[in-house]
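Structural characterization, general
Each chain, letter by letter, is given below.
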Amino acid sequence: MTETILDRIRTYKLEEIEAARAEKPLEQVEDEARAAGPVRHFADSLRKAGREGYALIAEIKKASPSKGLIRDDFDPVALAQAYEAGGATCLSVLTDTPSFQGAKEYLTLARNACSLPVLRKDFMYDPYQVAEARALGADCILIIMATVTDEQAHALEEAAHGWSMDVLIEVHDQAELDRATQLKSPMIGINNRDLNTFETSLDVTRGLCKFVPPDRTIVSESGLGGPKDLADMAMYGVRSFLIGESLMRQDDVAQATRDLLANPLMPGGGF
């Protein structure tokens, strides 16, 4: 069986976790997490913004396995400030290095530069990473159902809630959605990108959103470009979005963010 991109990421990520644990014991990471300061409310911010317009999780992303380098003049501080000025609700910061050229310090730099809640965007497998995320300043973690067992997902969610952090649970198909709804977290991210092939289709959100329980907040992720895509998703009742690449490629990130959010399709179909 051919190894997928996700298989390769899982292999090196588990090695990274053990190396990090050997370098810095969990007890030390937990001390740093306790000293990290108050958590910013990620899920509540999305819900509020979604009632008033669109809720945008704007992503700070230097590169990807499928597209390579996305932005040459990569400055997490300037990007965080530009996204906030443009009206983003929350931030997502890539901390994975081998596949996305991210770094843990990017999250801390970005969060300290703005007042927005921040998601640690990484492949999470172990509660150690959750404590590490809080120590870095993260307010929310990502659980990708495609790459964890139910036992791992519950352990990660429990650890996050133990630190008063929110959790975005990411799914790609009906089976993953069924597993995700057994968790407590109110945010369900529907990723339009197949993590094995890295191809995207908004049909993933269109097909799955109607099966998400009404008490959950749906976040459509990946493959979203301009306002037409957001209006399309809003017709299906989706008002929260995670967008990175299309904004990261813009010369004026703040203005591009304003333009994206300028005319939200309101519930009922009007602007």
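For the structure given in this document, a descriptive report is provided here. Model, not experiment: these values are computed from the prediction.

1. Section: helix α12 (residues 253-261)
Burial in α12 covers these residues: V253, A254, A256, T257, L260 and L261. An end-on view of α12 places all buried positions within 165° of arc, on one side of the element. Check the buried side of α12 and you find it contacts β1 (55-60), α4 (76-86), α10 (227-234), β10 (240-243) and α11 (245-248). For α12, the N-terminal cap is D252; the gap from its side-chain oxygen to the backbone nitrogen of A254 is 3.4 Å.

2. Considering the packing of aromatic side chains
Under the criterion given, the structure shown has three aromatic pairs. Centre to centre, the rings of Y54 and F241 are 5.3 Å apart; their planes meet at 85°, and the pair counts as edge-to-face. Note that Y54 is positioned in the loop between α3 (42-52) and β1 and F241 in strand β10, a separation of 187 residues in sequence. Taken as a pair, Y54 and F241 share a single burial class, namely buried.

3. Looking at α4
The set of residues buried in α4 consists of P76, L79, A80, A82, Y83 and G86. Projected down its long axis, α4 shows its buried positions confined to an angular sector of 165°, all on one face. Positive phi appears at G87, one or two residues downstream of α4, with a value of about 105°.

4. Digging into the pattern of salt bridges
Per the counting criterion, the structure on display carries 23 salt bridges. When the shortest N-O distance is used, the salt bridge between E18 and R21 registers 3.2 Å. Placement of the pair is E18 and R21 together in helix α1 (residues 5-23), with a separation of three residues, close to one helical turn. The class for E18 is partly exposed, based on a relative accessible area of 45%. For R21, a relative accessible area of 27% gives the class partly exposed.

5. Observations concerning unusual backbone geometry
Located in the positive-phi region is Q101, a residue other than glycine, with phi close to 55°. Tracing the sequence through the fold places Q101 in the loop between β4 (90-94) and α5 (104-112). Its identity is not glycine, yet S164 carries a phi of approximately 65°, on the positive side. You can see S164 is positioned in the loop between α7 (150-162) and β7 (166-171). You can call S164 exposed: its relative accessible area is 54%.

6. Section: the side chain of T217
Turning to its location among the elements, T217 is positioned in strand β9 (residues 217-221). Excluding residues that lie within four positions of it along the chain, T217 makes contacts with R47, P186, M187, I188 and S240.

7. A closer look at the nonpolar core
Ranked by internal contacts, the top residues of the largest apolar core, which has 95 residues, are I60, Y83, L91, V130, I141 and M145. Among all residues touching V130, those that are not within four sequence positions of it are M124, I141, L156, A159, A160, W163 and M165.

Conventions and cut-offs
Residue positions are counted from 1 within each chain, in the order its sequence is given. Given that the model is predicted, a residue must reach a pLDDT of at least 70 before its local features are reported, and side-chain atom pairs must reach 80 or more before they are shown or counted; all residues, however, enter totals for whole chains, interfaces and linings. For the side-chain quantities, the full set of heavy atoms in the structure was used; hydrogens and water were omitted. Per-residue accessibility, obtained with a 1.4 Å probe over protein chains only, is compared with the maximum for each type, and a residue is labelled buried under 20%, exposed over 50%, and partly exposed between these values. Secondary structure follows DSSP: runs of H or I at least 4 residues long count as helices, runs of E at least 2 residues long count as strands, and numbering of each begins at the N terminus. Within this analysis, the arc is defined by the directions that extend from the helix axis to the C-beta atoms. Throughout, a contact is declared for two residues whenever any of their heavy atoms are within 4.5 Å. Whenever two N or O atoms come within 3.5 Å, that pair is a polar contact, provided that in protein one can donate a hydrogen and the other can accept it, and provided that, for residues adjacent in sequence, both atoms are side-chain atoms. Centres within 6.5 Å are what make two rings of Phe, Tyr or Trp a pair, Trp counting through its six-membered ring; a difference in plane orientation under 30 degrees is then read as stacked, over 60 as edge-to-face, and the rest as tilted. Whenever Lys or Arg places a side-chain nitrogen within 4 Å of a carboxyl oxygen from Asp or Glu, that contact is recorded as a salt bridge. Remark: nonpolar core denotes a set of buried residues (Ala, Val, Leu, Ile, Met, Phe, Trp, Tyr, Cys) joined through side-chain atoms within 4.5 Å.

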